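Descriptive structure summary
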Amino acid sequence: MYSGRPSKNSYAEAEQFRRRAVLGFICVTLAVLCLAGWYFKLQVLDHAAYATRSDANRIKPNPVVPARGMIYDRKGRLLAENVPAFRLEITPDKVKDMGATLAELSELISLSPDEIERFRNEVKATSGFRPVPLKLRMNDEEMARFAVNRWRFPGAELKPYLTRRYPYGDLLAHIVGYVGRIDEKDLASLGEGSAALTHIGKTGVERSYEETLRGKVGYERIEINVEGRALRTLGRVPARPGADLQLSIDVDLQRAMVAAFGGYEGSAIAIDPRTGEILAMVSLPSFDPNLFVNGISQREFDELNNNPSRPQYNRIVLGGVAPGSTIKPFMALAGLDSGVRRPEDRTLSTGMFYLPGQNRGWGDSHRGGHGWTDARKSIYASVNTYYYQLGLDMGIARVDEYLGRYGFGHPVGIDLVGENAGILPSPEWKMTNRKERWYPGDTVNMSIGQGDWKVTPLQLGQGVAALANNGRLHGPHLARARRDRFDGPWVPLAQPAARVISNRTDHLQVVREGMIATVHGSGGTARRMGIGAPYLIAGKTGTAQVISRRGAAALNPRSLPLHLRHRALFIGYAPAGNPAIAVAIAVEGGGYGGSAAAPIARQIFDAYLLGRMPAGLEPLEGDESVLDSDEESQDSPMQCAEGAENCAPGNPAQTATRVADAASMQAAADGGAPPVPQPAPSTAMPAMMSREPQGPGR
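An account of the accompanying structure is given in this report. (Residues numbered from 1 in each chain as written. Predicted model: local features only at pLDDT ≥ 70, side-chain atom pairs only at ≥ 80, totals over all residues. Heavy atoms only, no water.)

**Quick word on the overall build of the protein**
In terms of helices and strands, the protein carries 24 helices and 23 strands. Considering only contacts within the protein whose residues lie at least 6 apart along the sequence, 72% involve residues at least 24 apart. Per element, the accessible surface of the protein, about 32800 Å² overall, is 53% carbon and sulfur. (Helix = DSSP H or I, 4+ residues; strand = E, 2+ residues; numbered from the N terminus. Contact = heavy atoms within 4.5 Å. Areas by Shrake-Rupley, 256 points an atom, 1.4 Å probe, with all protein chains shown as cover.)

**Here's the deal with the pairing of strand β11 (residues 265-271)**
Most of β11 sits out of view: 6 of its 7 residues are buried. In this sheet, strand β23 (residues 581-588) lies alongside β11 in antiparallel orientation, the contact comprising 7 bridges. Looking across to β23, one finds that S267 is bridged to A586. Taken together, the 6 bridges between β11 and strand β12 (residues 278-284) define a ladder with antiparallel strand orientation. Within β12, the position partnered with A270 by the bridge is A280. Hairpin connection of β11 to β12: 6 residues between the antiparallel strands, including G276 at a positive phi of 85 degrees. (Buried < 20%, exposed > 50% of the residue type's maximum accessible area, 1.4 Å probe, protein only. Pairing = 2+ DSSP bridges.)

**Some thoughts on unusual backbone geometry**
Each neighbour pair has its own omega, and for L284 with P285 the value is 0 degrees, a cis peptide bond. With respect to the secondary-structure elements, P285 resides in the loop between β12 and α11 (290-293). Look at the link from A574 to P575: it is a cis peptide, with omega at -20 degrees. Here P575 lies in the loop between β22 (567-574) and β23. Notably, K435 is not glycine yet its phi reads approximately 60 degrees, a positive angle. By the secondary structure assignment, K435 is in the loop between α17 (427-434) and α18 (440-447). Note on K435: relative accessible area 65%, which makes it exposed.

**A look at the pattern of salt bridges**
Applying the stated rule across the entire model yields 36 salt bridges. In this structure, E206 engages R164 in a salt bridge whose closest nitrogen and oxygen atoms are separated by 2.8 Å. Pair noted here: E206 is in helix α8 (residues 204-208) and R164 is in strand β5 (residues 156-165), with a separation of 42 residues, a long-range link. Taken individually, E206 and R164 each receive the classification buried, so the pair is uniform in this respect. (Salt bridge = Lys/Arg side-chain N within 4 Å of Asp/Glu carboxyl O.)

**Focus: the sheet that holds strand β21 (residues 538-544)**
A sheet is described by the order of its strands in space; here 5 strands give the open sequence β12-β11-β23-β22-β21, paired in antiparallel fashion. Unpaired on one side and paired on the other, β12 and β21 mark the two borders of the sheet. Adjacent strand axes in the sheet meet at a mean angle of 10 degrees, parallel and antiparallel pairs treated alike. Running over the sheet, helix α10 (residues 251-261) touches β11, β12 and β23 and is turned about 35 degrees from β12. (Axes fitted to C-alpha atoms, helices over the stretch in contact; angles between N-to-C directions.)

Set out below in structure tokens:
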């Protein structure tokens, strides 16, 4: 009987099952192949990338900051050293709530508002994965408290490091300079490879020789666990320490120079004329560079900036004054070298000098004049009239040519950043800067070192050193040697060859005789500084006006307030027969060079040549193993005096001078009063006037 229900088609069902099974098998196969391909990609193709990421989680690269090179003086005394310290660093990416973290840390350690503000600014300016210093120089108590609570502060770590210290503080601040915290501008100039550095040279030698002192950053690979604790060191690329530097500075002479100034402000430089090495250099007042190493507080920074004496201002390199009468030896040499004057040519000084057809007069330092004056007398008696006429006879173009040759109007090239070139007045300079033409009166003013002049103590020191060194000019420099490892030898640094500013030794001798007479002659403007000196001194006093006098009236600077008084100047060298030291001194508010600057120079000469330190000071001990150019090249002044018969046997005048100096020194050593030395035959002086000049021209 037919039920009406269709019968099953077993064949069709089997075929459908087969199709579904094949489709399922294909899908499963494709899935397995895709999975296998994905595993192949992970395990083979991308192995290096994932291994690197895995190592990044397991291995932490730790930068190794190199030890900064140390700085020594010429006798091996440390001027800048590295001392161990700990700082607290925070990696911003590892901190969830920075505000809460800083608040909790403030309860454990002392954090000033300046430190917190500086930290926040650095966090904003740097990448989040870089550690940012929060507090430098943690003390023992703070480190102990943090170590106990370390687990509470993920991302915060104590890091050991070497920090800079300047043992002599403000004594050498303007020479050595200081290092300071690296900012964004510094990072951009240094590059990514130096990101681990925290400090960089900011001023002085620290800045000029930054690459030499810095060294090269290394790193080590540290394996860590999931808690971030170090397990072991897997490898290391050592850091390369910075090279050590030896400066030409003598700390004893530096101390004596500062003491000689007493309460005065100003600047001074002492140079070895034979080499151009700077023996001492001060800018007063000074400041403590240690304040800047790890960040100066706002209060201390404001005190420095608001000080009217500007302690941070380096008067030696950045400053400039009118040279006053210290320019006269160079003007005299220019007149002789140019052929406009002969040594015996004389000019009549009547007390006032007038340009043809003009009623305005330029005064001399003596109201009644100096009488007939030759080149030597014009220097030791500081006769303005001689130079008024000389400047007009030479003409401004020739004056500029020769004084530029002597080093004025150009940087001397000292190894410090930012040197001032000064101003050598000229018609072009006046038109460019003042929009005015040049007048004969400008030449008159310029010829005695007044007017638009601006010279640095560096330029004066370089110039007088060249006069002392028979016209050979060495560029003043501070760094004399380097050492690439602690136990390595000191290697002298190459210096530019000396250049000749005058090849006429007879003209140079005339100038030197005038300068010797300035100190040892009865009419010299600095004769008081030579009293009792057991060696010959050559020098020249000067006064740079701060305010101009009215008309022809003389102006006594001692009657003015201190800040309006003239700057007292002195240049000179000693011993005159065998120069070993040349100085240039500028005393602010000092009045006259002969009464304020010259006595300072005498104390500097005594300290260097005789070892006679100012009252209250004793020489420091030094390391005699360091490089000493005096022993390698030339006799020291004391050695030459003691063995005068062996010094320059071909020069009887020098030998006679040194013999006289040796006798004077021996008399002083025996307790007797040393006689006032007289020049050797080659330095015989003409008859001198006994009156002391009075006026701003000196």
